[in-house]
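Residues per chain are reported as follows:
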Amino acid sequence: GESVGLHLPTLSVQEGDNSIINCAYSNSASDYFIWYKQESGKGPQFIIDIRSNMDKRQGQRVTVLLNKTVKHLSLQIAATQPGDSAVYFCAEGGDTGGFKTIFGAGTRLFVKA
Amino acid sequence: DTAVSQTPKYLVTQMGNDKSIKCEQNLGHDTMYWYKQDSKKFLKIMFSYNNKELIINETVPNRFSPKSPDKAHLNLHINSLELGDSAVYFCASSQGSSSPLHFGNGTRLTVT
């Protein structure tokens, strides 16, 4: 899961299984949340976002869940594929007029074939 | 057709030198950013510009000076480089506030 620590948390899953990556955020005033995927040698890439007036949003093979009560965000990836191997970041926006997106520490996802 | 492009991709230089990184976006976005990613993959915002105006300066040393000549460009000039400046620097853009960021592929800066 996600944490602010000295090393990158790692999640290892079997190809075809579902993956769940968790994130805790700190600012209860945050109203916009985003998940990004970063592959080696590339910049972070937008996956899915959710605003604070929702608690669930689905995309293609991905679902984001938001629990504002405990300030928790999760990313679920269905039928995980080798191409899903990357570092995943949760981010919270909305601060300072929405011009300051703050990133969590990242979780490295390994998909075993 | 790269949406956000930054140059150079790699930059190796000695302490005390001055260097620049260029960024251009062709998405028509109003807002551009610089982020710094350290060796532990932690991404930290440095600057945010909206319509060429500085919105966020996240207590970055004044050796770092961003310049936005127009909405499509945000360059980063760094004076008197230090060892601790070694990192990957990412440029990004977005359509206004509270919207997804589109990142370039980064500039890996190594200061020796």
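Our structure's up above, just so we're on the same page.
In this text, all values refer to a predicted model and were calculated from it rather than measured experimentally.

Conventions adopted
- Residues numbered from 1 in each chain as written.
- Chains lettered and ligands numbered in written order.
- Predicted model: local features only at pLDDT ≥ 70, side-chain atom pairs only at ≥ 80, totals over all residues.
- Heavy atoms only, no water.
- Pairing = 2+ DSSP bridges.
- Helix = DSSP H or I, 4+ residues; strand = E, 2+ residues; numbered from the N terminus.
- Axes fitted to C-alpha atoms, helices over the stretch in contact; angles between N-to-C directions.
- Core = buried A, V, L, I, M, F, W, Y, C linked by side-chain atoms within 4.5 Å.
- Buried < 20%, exposed > 50% of the residue type's maximum accessible area, 1.4 Å probe, protein only.
- Disulfide = S-S within 2.5 Å.
- Contact = heavy atoms within 4.5 Å.
- Buried area = accessible area lost by both parts, 1.4 Å probe.
- Salt bridge = Lys/Arg side-chain N within 4 Å of Asp/Glu carboxyl O.
- Polar contact = N/O pair within 3.5 Å; in protein donor to acceptor, adjacent residues only side chain to side chain.
- Nonpolar A, V, L, I, M, F, W, Y, C, P; charged D, E, K, R; others polar.

### Some thoughts on the sheet that holds strand β2 (residues 19-24) of chain A
Backbone-to-backbone hydrogen bonds pair the strands of a sheet. The strands run either parallel or antiparallel. Residues and elements named next belong to chain A. Spatial ordering of the open sheet is given by β2-β7-β6-β5, a layout of four strands whose pairing is antiparallel. Strands at the two margins of the open sheet, each flanked by one partner only, are β2 and β5 (56-58). Averaged over all adjacent pairs, the angle separating strand axes in this sheet is 15°, with direction ignored. Where β2 meets strand β7 (residues 72-77), six bridges bridge the pair, whose relative direction is antiparallel. Pairing of I21 across the sheet is with L75, part of β7.

### Focus: the sheet that holds strand β1 (residues 4-7) of chain B
Residue and element names in this part refer to chain B. Taken together, four strands build an open sheet; the order of strands is β1-β3-β8-β7 and the sheet is antiparallel. Since the sheet does not close on itself, it has two edges, and those belong to β1 and β7 (64-70), each with one partner. Adjacent strand axes in the sheet meet at a mean angle of 15° when their direction is disregarded.

### Concerning the nonpolar core
The biggest cluster of nonpolar side chains holds 20 residues, and the ones touching the most others in it are B:W34, B:M46, B:F47, B:F64, B:L76, B:Y89 and B:L109. Looking at this core, the elements that each hand over two or more residues are β3 (19-25), β4 (31-37), β5 (43-50), β8 (73-78), β9 (87-94) and β11 (107-111) of chain B.

### Looking at unusual backbone geometry
With omega at 0°, the peptide bond leading from B:T7 into B:P8 counts as cis. In this model, A:R61 sits at a positive phi of 65°, which is unusual for a non-glycine residue. Along the polypeptide, A:R61 turns up in the loop between β5 and β6 (62-67). The phi angle at A:K71 is positive, at roughly 55°, despite the residue not being glycine.

### Here's the deal with the state of the cysteines
Going through the model one piece at a time under the given rule, you end up with two disulfides over all chains. With a sulfur-sulfur separation of 1.7 Å, A:C23 is cross-linked through a disulfide to A:C90. When the S-S torsion is 45°, as for the bridge of A:C23 with A:C90, the disulfide is right-handed. In this pair, A:C23 sits in strand β2 while A:C90 sits in strand β8 (residues 86-95), placing the two residues 67 residues apart along the sequence. Per residue, the accessibility class of A:C23 equals that of A:C90, and both read buried. Between the sulfur atoms of B:C23 and its disulfide partner B:C91 the distance amounts to 1.8 Å. An S-S torsion of about -80° defines the bridge between B:C23 and B:C91 as left-handed. Of this pair, B:C23 sits in strand β3 while B:C91 is found in strand β9, placing the two residues 68 residues apart along the sequence. Judged by relative accessible area, B:C23 falls into the buried class, the value being 1%.

### Re the interface of chain B and chain A
Listed by partner, the interface residues are 25 residues for chain B and 25 residues for chain A. For the pair chain B and chain A, the two sides together bury roughly 2000 Å², of which 60% comes from carbon and sulfur. The tally of links between chain B and chain A comes to one salt bridge. Where B:E58 meets A:K100, a salt bridge forms, and the shortest distance between an N and an O atom there is 2.9 Å. Taken together, chain B and chain A are joined by seven residue pairs in polar contact (both at pLDDT 80 or more). Those elements giving two or more residues to the side of chain B that touches chain A turn out to be β4, β5 and β6 (53-57) of chain B. Residue composition of the side of chain B that touches chain A, by class: eleven nonpolar, ten polar and four charged.

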